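Fold and geometry: a report
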Amino acid sequence: MARAENKETAGPATRLVANVAKNLRIRQGLTQEQLGSELGYSGAAVSAMETFAQPASDDMLVQLERVLGSGTGIFEQAREYVRLDKYPAQFKDYVLLEQKAVGLSLYATLVVHGLFQTEAYARALIGGGYPPLPEPRVEELVEARLARRVLFDREPVALIELIVEESVLRRGIGSPEVMREQLLHLAECARRRNVTLQVLPLDCGFGGEYAGGHGGLNLVETPAHEHLTYLESQEESLLIADPTKVSTYMQRYAEIRAQALDPRESLGLIERLAGELR
């Protein structure tokens, strides 16, 4: 379902794809209905794409490449940039870094980190947030969030660490079935050779130290081996490049890691919690 406000807020990649697709359609003498039929979409969907009311989905871009691309790869190459248009403004700078990173060290305190979310968990989380979002926008954000998972299988491989608070694993999102699927997905991710997943237990502070009290944390190592910190709270974000500050965050992350369960214990806890939701 298209949204009128998209016509005003559509990003540059969305606008470029729409204009190129429209020009190629007209050049080939196709109506919107005829192109829609070739793509597997309705004529209304083509119209919404061409007028910026609804950005092209990832699948539509694949089909546009097949029908209109003529081997140029233009719509295939546009997929990354159109996807970027769909992210919230405060997140766009970080997601570009994330997708090119050689290393990520992540600490999640409230919900499962977006990179590790299942489709159902992401939809329940985004759709259940405040202020409420229109359903088409929810679907856009879910699609964009899931697209980030290509990082797990990218070449060259990225090394990813995730430390998640035990409270995140116990916090119900969506339904027991959604949570069980999410926990099993985390367990599957933990078995990847390029992923290290650890749980910071609820009682870790009883030992006299709790390094995680400052909130979530994302550390990025770029292809140039620069280190950056990304922080996000209440839909506001901060990207930090100052070496002294980044060093402090890296040291704090190391302390959080030291206080977490080891990977084997963490996997066992995740599997046990998933089993309790049967």
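Residues numbered from 1 in each chain as written. Predicted model: local features only at pLDDT ≥ 70, side-chain atom pairs only at ≥ 80, totals over all residues. Heavy atoms only, no water.

As for the overall build of the protein
Helix and strand counts for the protein stand at 13 helices and 6 strands. Its C-alpha atoms give the protein principal-axis dimensions of roughly 70 × 45 × 35 Å. Taking all 278 residues of the protein together, 45% fall into the buried category. Taken as a whole, the protein presents about 14400 Å² of accessible surface, with 53% of it coming from carbon and sulfur. On the protein, the mean spot of the 30 positive side-chain charges and the mean spot of the 39 negative ones are 3 Å from each other. (Helix = DSSP H or I, 4+ residues; strand = E, 2+ residues; numbered from the N terminus. Buried < 20%, exposed > 50% of the residue type's maximum accessible area, 1.4 Å probe, protein only. Areas by Shrake-Rupley, 256 points an atom, 1.4 Å probe, with all protein chains shown as cover. Lys, Arg positive; Asp, Glu negative; His and termini not counted. Charge placed at Lys NZ, Arg CZ, Asp CG, Glu CD.)

Quick word on the environment of Glu-50
With respect to the helices and strands, the residue Glu-50 is situated in helix H4 (residues 43–50). Accessibility expressed as a relative area gives 6% for Glu-50, which makes it buried. Considered as a pair, Glu-50 and Arg-15 are 35 residues apart in the sequence and their alpha carbons are 8.0 Å apart. Aside from chain neighbours lying at most four places away, what touches Glu-50 is Ala-18, Ala-21, Lys-22, Arg-25 and Gln-32. Within the local environment of Glu-50, its side chain forms a polar contact with the side chain of Gln-32, the two groups lying 2.8 Å apart. (Contact = heavy atoms within 4.5 Å. Polar contact = N/O pair within 3.5 Å; in protein donor to acceptor, adjacent residues only side chain to side chain.)

With respect to the side chain of Thr-118
By secondary structure assignment, the location of Thr-118 is in the loop between strand S1 (103–108) and helix H8 (119–127). Judged by relative accessible area, which is 5%, Thr-118 ranks as buried. Within polar-contact distance, the side chain of Thr-118 engages the backbone nitrogen of Tyr-121 at 3.1 Å. Residues contacting Thr-118, with those up to four places away along its chain left out, are Leu-146, Arg-149, Glu-181, Gln-182 and His-185.

Thoughts on the sheet that holds S1
Whether parallel or antiparallel, the strands of a sheet pair through hydrogen bonds between backbone atoms. The strand order across the open sheet formed by 6 strands is S3-S2-S1-S4-S5-S6, and the pairing between neighbours is mixed. On the outer flanks of this sheet lie strand S3 (195–200) and strand S6 (236–240), each paired with one strand and no other. Neighbouring strand axes in the sheet, compared pairwise and without regard to direction, differ in orientation by 10° on average. Sheet topology note: the strand S5 (residues 227–233)/S6 ladder contains 5 bridges and is antiparallel. Looking across to S6, one finds that Tyr-230 is bridged to Leu-239. (Pairing = 2+ DSSP bridges. Axes fitted to C-alpha atoms, helices over the stretch in contact; angles between N-to-C directions.)

Here we look at H4
Residues separated by three or four positions in an α-helix point in the same direction, a consequence of the helix having 3.6 residues per turn. For H4, the complete set of buried residues consists of Gly-43, Val-46, Ala-48, Met-49 and Glu-50. Once H4 ends, the next one or two residues include Phe-52, with phi positive near 70°.

Quick look at the packing of aromatic side chains
Under the counting rule described, the total for this entry stands at 4 aromatic pairs. Ring centres of Phe-91 and Tyr-94 lie 5.6 Å apart, and the angle between their planes is 55°; this geometry places the pair in the tilted category. One exposure class covers both Phe-91 and Tyr-94, and it is buried. Their ring planes at 80° and their centres at 5.1 Å tell us that Phe-116 and Phe-152 sit as a pair that is edge-to-face. A residue pair is termed long-range when its members are at least 10 positions apart, and Phe-116 in the loop between S1 and H8 and Phe-152 in the loop between helix H9 (135–147) and strand S2 (159–165) qualify at 36 residues. Per residue, the accessibility class of Phe-116 equals that of Phe-152, and both read buried. (Phe/Tyr/Trp six-rings, centres within 6.5 Å; stacked < 30°, edge-to-face > 60°.)

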